[in-house]
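Notes for the structure review
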Amino acid sequence: MAAIKASWMRTARLFSPFCRARGFSSLADDLQHNMHKQSTWDRFYVEKRPSTFRYFDWFFGYKHVAGFLHTFLQNEKPMGSWRVLDVGCGTSDLGLGLFKESPHPLHISCVDFSPVAIDSMQEHFATTAPIPLNPGSELHYREADATNLAHLSSHTFNLVLDKGTMDAVLRGKEGVGRASLMLAECFRVLHPGGSLLQFSDEDPDARMSFLEQIRGEEARSASVRVQDLGTVGSIQYYAYIMTAPTLSC
């Protein structure tokens, strides 16, 4: 857990300058201690909201992983269109970037437990009306908690994206238990052979061991590998790729 705590401290350094520079010192403290709470993120999105819409990307934005994602989609291409779930999307441009630039047809669902974030993204999407590279692609924003995706059917998605959501979940007192619930839900909604991509700054030795510890029945047989994504602002990032087993004949 020491490595996980070190990751939390790096997280606090990412958010604190942003908030304090805008006079939100109490919000910076709230994020440091209550990042797992919906009320904290609602407050964050309300207080940081500028007069014109801006994306907020924890860790990095879509452009940093665009090449990695497009290569992954090309190599793992399923029959028909991809169904993609972005859990804890916030006001990131990750799902929107894929929607606009993927040559493959994608049906993307972006979910977050903050209604403020979802309202902002729905409004932004409706007013900008971006045109996808593939006319068969769709993008939807919906309110949902990553630890309880009960409104989503099992074995629905080919790909689940998690950019820092588990890292935020782990900040709570019940973080390990809720992270286990989140992992189970992500695998429940995955098709056999589908993948969960976790983007994190946590060291592979710590994250790989942690994922092994919290894997429940849904994820027990999944294969796990890691890919170095390079640095952003001197911080090293990784993609943890967990692939569900295919059904045996």
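Residues numbered from 1 in each chain as written. Predicted model: local features only at pLDDT ≥ 70, side-chain atom pairs only at ≥ 80, totals over all residues. Heavy atoms only, no water.

Helix and strand counts for the chain come out as nine helices and seven strands. The buried share of the chain, reckoned over its 249 residues, is 52%. Across the chain, contacts joining residues at least 24 apart in sequence account for 77% of those joining residues at least 6 apart. When the accessible surface of the chain is summed, it comes to about 11,300 Å², and 52% of that surface belongs to carbon and sulfur atoms. (Helix = DSSP H or I, 4+ residues; strand = E, 2+ residues; numbered from the N terminus. Buried < 20%, exposed > 50% of the residue type's maximum accessible area, 1.4 Å probe, protein only. Contact = heavy atoms within 4.5 Å. Areas by Shrake-Rupley, 256 points an atom, 1.4 Å probe, with all protein chains shown as cover.)

With that settled, consider empty space enclosed by the protein. Applying the stated rule across the entire model yields one cavity of 30 Å³ or more. Estimates place the volume of the largest cavity at around 370 Å³. Taken together, 25 residues make up the lining of the largest cavity; nearest its centre are W41, G88, D112, T165 and A168. Among the elements of the structure, α3 (38–47) and α7 (165–169) are those that each provide at least two residues to the lining of the largest cavity. A total of three residues in the lining of the largest cavity trace back to one element, the largest contributor, which is α7. Tallied by class, the residues present in the lining of the largest cavity amount to 12 nonpolar, seven polar and six charged. (1 Å grid on protein atoms, 1.4 Å probe; cavity = no way out; pocket = protein on both sides within 12 Å on 5 of 7 lines; lining within 4 Å. Points joined across faces, edges and corners; volume = space filled by probe spheres on them. Nonpolar A, V, L, I, M, F, W, Y, C, P; charged D, E, K, R; others polar.)

Within this structure, the stated rule accounts for 17 aromatic pairs. Measuring from centroid to centroid gives 4.9 Å for F44 and F56, while their planes differ by 70°, and the two rings are edge-to-face. Of this pair, F44 sits in helix α3 while F56 sits in the loop between α3 and α4 (62–75); the two residues are 12 residues apart in sequence, bridging distant segments of the chain. For F44, a relative accessible area of 0% corresponds to the buried category. The buried category is assigned to F56, whose relative accessible area is 14%. Cluster of aromatic residues (ring-pair linked, three or more members): W41, F44, Y45, F56, W58, F59, F60, F68, F72, W82, F199 and Y237. (Phe/Tyr/Trp six-rings, centres within 6.5 Å; stacked < 30°, edge-to-face > 60°.)

Backbone geometry at A129 places phi at a positive 45°, although glycine is not the residue there. Mapping A129 onto the fold places it in the loop between α6 (115–128) and β3 (138–143). A relative accessible area of 52% places A129 in the exposed class.

Our focus in this paragraph is the packing of α4 against helix α5 (residues 94–101). Between α4 and α5, whose axes approach to 10 Å, the crossing angle comes to 55°. The orientation of α4 relative to α5 falls into the category oblique. α5 is crossed by α4, and the crossing has right-handed handedness. Residues Y62, K63, V65, L69, H70 and L73 of α4 pack against L94, G97, L98 and E101 of α5. Across the contact of α4 with α5, the residue classes tally to six nonpolar, two polar and two charged. (Axes fitted to C-alpha atoms, helices over the stretch in contact; angles between N-to-C directions. Parallel < 35°, antiparallel > 145°, perpendicular 65-115°, else oblique. Left-handed = near helix turned anticlockwise from the far one by under 90°.)

Per the counting criterion, the structure on display carries nine salt bridges. Among the charged side chains, a network of salt bridges with common partners joins D167, E202 and R207. (Salt bridge = Lys/Arg side-chain N within 4 Å of Asp/Glu carboxyl O.)

Pairing in this open sheet of seven strands is mixed, and the strands run β3-β2-β1-β4-β5-β7-β6 from one edge to the other. Looking at the sheet topology across the chains shown, the edges are occupied by β3 and β6 (223–232). Each neighbouring strand pair of the sheet contributes to a mean axis angle of 20°, computed without reference to strand direction. Direction of pairing for strand β1 (residues 82–87) relative to strand β2 (residues 106–112): parallel, over a ladder of six bridges. Across the sheet, the residue bridging to V87 is V111, located in β2. Here helix α9 (residues 204–214) sits on the sheet and contacts β5 (190–200), β6 and β7 (235–243); the angle it forms with β7, its principal contact strand, is near 25°. (Pairing = 2+ DSSP bridges.)

This is a description of form; function is not addressed.
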